[in-house]
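Structural overview for review
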Amino acid sequence: MFPRRLLAAWLAGARGGSLLALLANQCRFVTGLRVRRAQQIAQLYGRLYSERSRRVLLGRLWRRLYGRPGHASALMAAFASVFVWDEERIQEEELQRSINEMKRLEEMSNMFQSSGVQHHPPEPKAQTEGNEDSEGKEQPWEMVMDKKHFKLWRRPITGTHLYQYRVFGTYTDVTPRQFFNVQLDTEYRKKWDALVIKLEVIERDVVSGSEVLHWVTHFPYPMYSRDYVYVRRYSVDQENNMMVLVSRAVEHPSVPESPEFVRVRSYESQMVIRPHKSFDENGFDYLLTYSDNPQTVFPRYCVSWMVSSGMPDFLEKLHMATLKAKNMEIKVKDYISAKPLEMSSEAKATSQSSERKNEGSCGPAQIEYA
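So, a few notes on the structure that sits alongside this text. (Residues numbered from 1 in each chain as written. Predicted model: local features only at pLDDT ≥ 70, side-chain atom pairs only at ≥ 80, totals over all residues. Heavy atoms only, no water.)

Quick word on the pattern of salt bridges
Heads up, the rule is: The term salt bridge refers to a side-chain nitrogen of Lys or Arg lying within 4 Å of a carboxyl oxygen of Asp or Glu. The way it works is that DSSP assigns letters per residue, a run of H or I at least four long becomes a helix, a run of E at least two long becomes a strand, and they are numbered from the N terminus. Relative accessibility under 20% of the residue-type maximum defines a buried residue, over 50% an exposed one, and the middle range a partly exposed one, all with a 1.4 Å probe and only protein chains included.
Taken as a whole and assessed by the stated rule, the structure comprises 20 salt bridges. A salt bridge links Arg232 to Glu211; the nearest nitrogen and oxygen atoms lie 3.0 Å apart. Linking Arg232 in strand β6 (residues 226–237) with Glu211 in strand β5 (residues 211–217), this pair joins segments that are 21 residues apart in sequence. Here Arg232 matches Glu211 in class, with each residue buried.

Structural data, given as structure tokens:
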């Protein structure tokens, strides 16, 4: 095709006595080829990625090209669909914020107990740092459930129909180590949580210890099953006698949207555990802060009821699974001992993000959320 067109253009130019016409024809031909190639590439990525995923990919590419040094390597990484840990790993500051909130509640609880007012932490006050709404002030917490060893609050998330939830509780019949390990053990959760369809670690960061997980779970009928892609990181502070686990939703190129599930893209969870004595003696307090957007068409009060009732149910299942692991001596990985206290400089120097290829040849079907 190319030689014939070139010959025809050359003959036409020769007859007209003008090489300018020949050059114009050649430019139009090359431009047409490039436009068609761009259209083919766009169609290919349209099949591989959802619209949101394409926006995220292009946004990351733009930031790497114009916001940081090393444009060439950044461009190659973006097109290779590598998960960028520098942007997505959970930072020390996120862990510390959760720990500070636990300490603040403990201080308030001690103050009230010393005055003889009550034996449980008071209703948490809204924070004024780091997470403010458009008016510069967060919504107040509202008590939802008040039991002897369990308190549940909620507060509206500004600009949405959703709530953020906070639980403060106590267990006295299991150790902090057992409770913490059962939360982290993905294989064991598949056995005790009947709602889990899939739960696996996708990628690990050797620098921070963060992990990306893909979690698919049943939702109450008639709703579709949901899937979550999230990064989590845990830390054990032996000196200050504290444990913390932080999770939040991320995008990962190896887990594209599936037409079988509704992807939950807004999700955050922070749990802090304070042993009453030590990690291996029964008794601890915990603080859980949680929010997500299940993308359902149900009214706000329905979603609120599902979360408010589902969270205590999940925590009790987690507690019973911990008791079962303790009493029946079910083998559960000891994450506290397995996690190195400090990554070596050599490991940090050789840290690399593994390349992941996208699976499937078509994008997710558009389904009505329920």
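Considering the pairing of strand β10 (residues 284–292)
Condition: Here a strand pair is declared whenever DSSP counts at least two bridges between the two strands.
Of all the nine residues making up β10, nine are buried; the element is thus mostly covered by neighbouring parts of the structure. Residues Phe284, Tyr286, Leu288, Tyr290 and Asp292 point to one face of β10 and Asp285, Leu287, Thr289 and Ser291 to the other, with burial holding for every one of them. With seven bridges joining them, strand β3 (residues 163–171) and β10 adopt antiparallel strand pairing. Opposite Phe168, over in β10, you have Leu287 as the bridge partner. Inspection of the sheet shows strand β9 (residues 267–275) paired to β10 by nine bridges, in the antiparallel sense. Each bridged residue has a counterpart across the sheet, and for Tyr267 the counterpart in β10 is Asp292.

Side note on the packing of aromatic side chains
Ring pairs (aromatic) are described by centroid distance and by the angle formed between their planes. Defined as follows: Pairing of aromatic rings covers Phe, Tyr and the six-membered ring of Trp, with a centre-to-centre limit of 6.5 Å; geometry is then stacked below 30 degrees between planes, edge-to-face above 60, and tilted otherwise.
Applying the stated criterion to the full structure yields 14 aromatic pairs. Ring geometry for Tyr171 and Tyr286: centres 5.6 Å apart, planes at 15°, overall stacked. On the criterion of sequence distance, the pair formed by Tyr171 in strand β3 and Tyr286 in strand β10 is long-range, its members being 115 residues apart. Summarising the burial analysis for this pair, Tyr171 and Tyr286 share the class buried. A ring pair is formed by Tyr267 and Tyr290, whose centres lie 5.8 Å apart and whose planes are at 70°; its orientation type is edge-to-face.

What to know about the nonpolar core
For the record, the criterion: Side-chain atoms within 4.5 Å are what join buried Ala, Val, Leu, Ile, Met, Phe, Trp, Tyr and Cys residues into a set we call a nonpolar core.
Counting residues in hydrophobic clusters, the biggest one holds 42 residues, and the most contacted among them are Val167, Phe180, Ile273, Tyr286, Met311 and Leu315. When residues in this core are grouped by element, the largest group, six residues, is from helix α9 (residues 300–327). Phe83, Leu105, Phe168 and Ile202 belong to the second-largest nonpolar core, a separate cluster that totals 21 residues.

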